[in-house]
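Chain by chain, the residues:
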Amino acid sequence: MAEVLVYVDHVDGAVRKPTLELLTLARRIGEPVAVALGAGAAATAGALAEHGAVKVLTHEAAEYADYLVVPKVDALQAAYDAVSPAAVLVPSSAEGKEIAARLALRIGSGVITDAVDLEAGDEGPVATQSAFAASFTTKTRVAKGTPVITVKPNSAPVEAAPAAGSVEALDVTFSAQATGTKVTARTPRESTGRPELTEAAIVVSGGRGVNGSENFGLIESLADSLGAAVGASRAAVDAGWYPHTNQVGQTGKSVSPQLYIANGISGAIQHRAGMQTSKTIVAVNKDAEAPIFDLVDYGVVGDLFDVVPQLTEEINSRKG
Amino acid sequence: MSLRIVVTVKYVPDATGDRHFADDLTVDRDDVDGLLSELDEYAVEQALQIADEADDAEITVLTVGPEDAKDALRKALSMGADKAIHVEDDDLHGTDAIGTSLVLAKAIEKAGYDLVISGMASTDGTMGVVPALLAERLGVPQVTLLSEVSVEDGVVKGRRDGDSASEQLEASLPAVVSVTDQSGEARYPSFKGIMAAKKKPVESWDLSDLDLEAGEVGLEGAYTVVDSATQRPARTAGTIVKDEGEGGKQLAEFLAGQKFI
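Criteria and thresholds
- Residues numbered from 1 in each chain as written.
- Chains lettered and ligands numbered in written order.
- Predicted model: local features only at pLDDT ≥ 70, side-chain atom pairs only at ≥ 80, totals over all residues.
- UniProt positions renumbered as here; feature names shortened; annotations may be inferred.
- Helix = DSSP H or I, 4+ residues; strand = E, 2+ residues; numbered from the N terminus.
- Buried ≥ 20, exposed ≤ 12 C-beta atoms within 10 Å, placed from the backbone.
- Contact = placed C-beta atoms within 7 Å.
- Pairing = 2+ DSSP bridges.
- Axes fitted to C-alpha atoms, helices over the stretch in contact; angles between N-to-C directions.
- Parallel < 35°, antiparallel > 145°, perpendicular 65-115°, else oblique.
- Left-handed = near helix turned anticlockwise from the far one by under 90°.
- Nonpolar A, V, L, I, M, F, W, Y, C, P; charged D, E, K, R; others polar.
- Right-handed = clockwise from strand over helix to strand, strands pointing away.
- Core = buried A, V, L, I, M, F, W, Y, C linked by C-beta atoms within 7 Å.

An unreviewed UniProt entry lists chain B under the name Electron transfer flavoprotein subunit beta, with Streptomyces lacrimifluminis given as the organism. Per UniProt, the comment on chain B under Function (unreviewed entry) is "The electron transfer flavoprotein serves as a specific electron acceptor for other dehydrogenases. It transfers the electrons to the main respiratory chain via ETF-ubiquinone oxidoreductase (ETF dehydrogenase)." Quoted straight from UniProt, the Sequence similarities (unreviewed entry) entry for chain B says "Belongs to the ETF beta-subunit/FixA family."

If you look chain A up in an unreviewed UniProt entry, it shows as Electron transfer flavoprotein subunit alpha from Streptomyces lacrimifluminis. UniProt, in the comment section headed Sequence similarities (unreviewed entry), describes chain A in these words: "Belongs to the ETF alpha-subunit/FixB family." Regarding chain A, the relevant UniProt record gives this comment under Subunit (unreviewed entry): "Heterodimer of an alpha and a beta subunit."

A. Focus on the overall build of chain A. Scanning chain A for helices and strands turns up nine helices and 18 strands. Classification of the 320 residues of chain A by burial places 59% in the buried group. Put simply, of all contacts in chain A between residues at least 6 apart along the chain, 67% involve residues at least 24 apart.

B. Structural view of the environment of D238 of chain A. As for its placement among the helices and strands, D238 of chain A is situated in helix α7 (residues 234–238). The sequence separation of D238 of chain A and L311 of chain A amounts to 73 residues, and the corresponding C-alpha distance is 27 Å.

C. Local environment of the sheet that holds strand β9 (residues 126–131) of chain A. Read across the sheet, four strands follow the order β8(A)-β9(A)-β10(A)-β12(B) without closing on themselves; strand pairing throughout is antiparallel. Of all strands in the sheet, those with a lone pairing partner are β8 (117–119) of chain A together with β12 (224–231) of chain B, marking the two edges. The mean angle between the axes of side-by-side strands here comes to 25°, regardless of whether they run parallel or antiparallel. Where strand β10 (residues 136–142) of chain A meets β12 of chain B, seven bridges bridge the pair, whose relative direction is antiparallel. Each bridged residue has a counterpart across the sheet, and for K139 of chain A the counterpart in β12 of chain B is S228 of chain B.

D. The arrangement of the packing of helix α9 (residues 304–319) of chain A against helix α7 (residues 247–257) of chain B in detail. Packing of α9 of chain A against α7 of chain B leaves a shortest axis separation of 7 Å and a crossing angle of 45°. When the interaxial angle is binned, α9 of chain A and α7 of chain B end up oblique. For the crossing formed where α9 of chain A meets α7 of chain B, the hand is right-handed. Seen from α9 of chain A, the contacting residues are D306, V307, V308, Q310, L311, E314, I315 and R318 of chain A; seen from α7 of chain B, they are G247, G248, K249, L251, A252 and A256 of chain B. For the contact of α9 of chain A with α7 of chain B, the class distribution of residues is seven nonpolar, three polar and four charged.

E. Highlighting the pairing of strand β14 (residues 202–206) of chain A. Residues and elements named next belong to chain A. With five of five residues buried, β14 is to be regarded as a mostly interior element. The side-chain alternation of β14 yields two buried faces, one formed by I202, V204 and G206 and the other by V203 and S205. As paired strands, β14 and strand β15 (residues 229–232) are joined by four bridges and run parallel to one another. Within β15, the position partnered with S205 by the bridge is G231. Taken together, β14, helix α6 (residues 216–226) and β15 form a β-α-β motif whose crossover is right-handed.

F. Here's a closer look at the packing of helix α4 (residues 70–83) of chain A against helix α5 (residues 94–106) of chain A. Residue and element names in this part refer to chain A. Their axes nearest at 9 Å, the elements α4 and α5 cross at an angle of 50°. Relative to α5, the element α4 is oriented oblique. In this structure, α4 meets α5 at a crossing whose hand is right-handed. Across from K72, V73, L76, Q77 and Y80 in α4, the residues of α5 making contact are I99, R102, L103 and R106. Looking at the contact of α4 with α5, its residues break down into five nonpolar, one polar and three charged.

G. How the structure looks around the UniProt feature "domain: Electron transfer flavoprotein alpha/beta-subunit N-terminal" (unreviewed entry) in chain B. Taking the numbering used here, the UniProt-annotated feature "domain: Electron transfer flavoprotein alpha/beta-subunit N-terminal" (unreviewed entry) corresponds to residues 24–214 of chain B. Spanning residues 24–214 of chain B, this segment combines 30% helix with 29% strand, and its end C-alpha atoms are found 18 Å apart.

H. Expanded view of the interface of chain B and chain A. In this assembly, 63 residues from chain B lie in contact with 72 residues from chain A. Those elements that place two or more of their residues in the side of chain B that touches chain A are α3 (97–111), α4 (130–138), β7 (142–152), β9 (165–172), β12, β13 (239–242) and α7 of chain B. Tallied by class, residues from the side of chain B that touches chain A come to 28 nonpolar, 21 polar and 14 charged.

I. A look at the nonpolar core. Formed by 129 residues in total, the largest nonpolar core has its most connected members in V6, V35 and L89 of chain A together with V7, V61, A76 and V177 of chain B. If you tally residues by element for this core, the top one is α3 of chain B, at eight residues. Ignoring any residue separated from it by four or fewer positions in sequence, one finds V35 of chain A in contact with L5, V6, Y7, V8, L57, A75, L76, A79 and L170 of chain A. The next biggest cluster of nonpolar side chains, apart from the first, holds 49 residues, and it includes A223, A235, A290 and L295 of chain A.

J. A look at the sheet that holds strand β12 (residues 166–169) of chain A. Residues and elements named next belong to chain A. The parallel open sheet is built from seven strands, whose spatial order is β7-β11-β6-β1-β4-β5-β12. Of all the strands in the sheet, just β7 (111–115) and β12 have a single pairing partner and so form its edges. On average, adjacent strands in this sheet sit at an angle of 25° to one another, irrespective of strand direction. Strands β1 (3–7), β4 (31–37), β5 (55–59) and β6 (87–91) of the sheet are contacted by α4, whose axis makes an angle of about 150° with β4.

Take a look at the structure:
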């Protein structure tokens, strides 16, 4: 059976959920061979084996943290050369897309980004993508070379599928470009204790109607009652009420959770682009004409300062 | 010596229009008005600011696209760029990201450069990979997705705000930079700028000017194939209630019914 390379996104050995989703998709095409790089790489093997990795290729070096992107491309190319896979799958983060594109160029292949589904096909893997602010769905294939495909979080379930997961050291020679862009300082983001926005099953967002950073506490309380991530519209971010890392929309994150709750968000195309593929959509907005209501499964026309606290209290009391 | 900045820009269908695919499954450019991709305005703005700080700098805006794409160049020139290059050729129709990066890289090399600045992604394709591809093709450092950028003594520095950390980056010129919409509001062209732009030079190059063959680009040369494009069915109309004092409880009832609580 053909092997499929899976690039592992991990933090000091802790494998992030989107990588486990990639293993589910990789098993539809072939046998997953994982590539884990940097500090803690070998520690990923347990989780990867549990979810279907037959092999885990690892390489630890300071370059992965000290320089931008290229060392990882060099390593993934080394894995490609060693394995000759049927496809290469990479999580669709900003960095993941850059790594995938550069690898594709080097190996003379096409690259598909932001797939939301992947299936085996007669002429190679077929990716499903969303286009034009998710108003279209396309089916796309790579026509030349080995398909390199990045996949968005929440595109497949995480499935237990125990496999050998034997660890092998990957032999990597860094290219002349590897040390071109130096990372001179790194400030880790402070953990909020909430789920990662793109990975969360539920996202609670606030927009212009929240009317001030001091009021985002209401949104956070609702999110916490549901174990959800917090998002914000561009209007709220541009106004400085909430960090850009939480922005949902065309120039922020695009999310596809089971449940999306939009509070005080009108639903402009910019925002819809980032949340339209959510399974269930709920909105609270005082403007009955707001375009967000065209998308909702359930909407409340009302003042979010009345509705949201009541909702939070009701959820907490039902849980209690 | 003059700092040569090349800003790559894209002419895209207006995102607020009814965007769709043409019969050959390429992006339809006839039925929706086009314009300079909003995210590229940030690249033009940062180029202007870097040029202001430099003793001597020249900004060239570069686009690959059909005849109408000149509008995007004009907009960038009216913001303050010095000159423009338009790569236009019928054989370019349907070119994918890999092919676009090839054409841009050839044109950038022909134009001469110290610094390439791009937006973070186009607003139509939204892949966000062309800057990385340009760095790979040109063999120069990639300093991408910056929310802050500066150039001094032949070194570009910037801040990249990622999901898990904020990183300070540094590379020697020549380099490829991309900037996000957090890098600073783009200026509006002044009346004077608009008038001046009409006199600024716009060069037109075709594939032969770049020593490229038709088969290397276009739909034929594409590394990816779109097999189908279907419009997402409109979401079925949901229940909308007006808050009469119980809106939060009603919403909770709905969420409980859907097993979210």
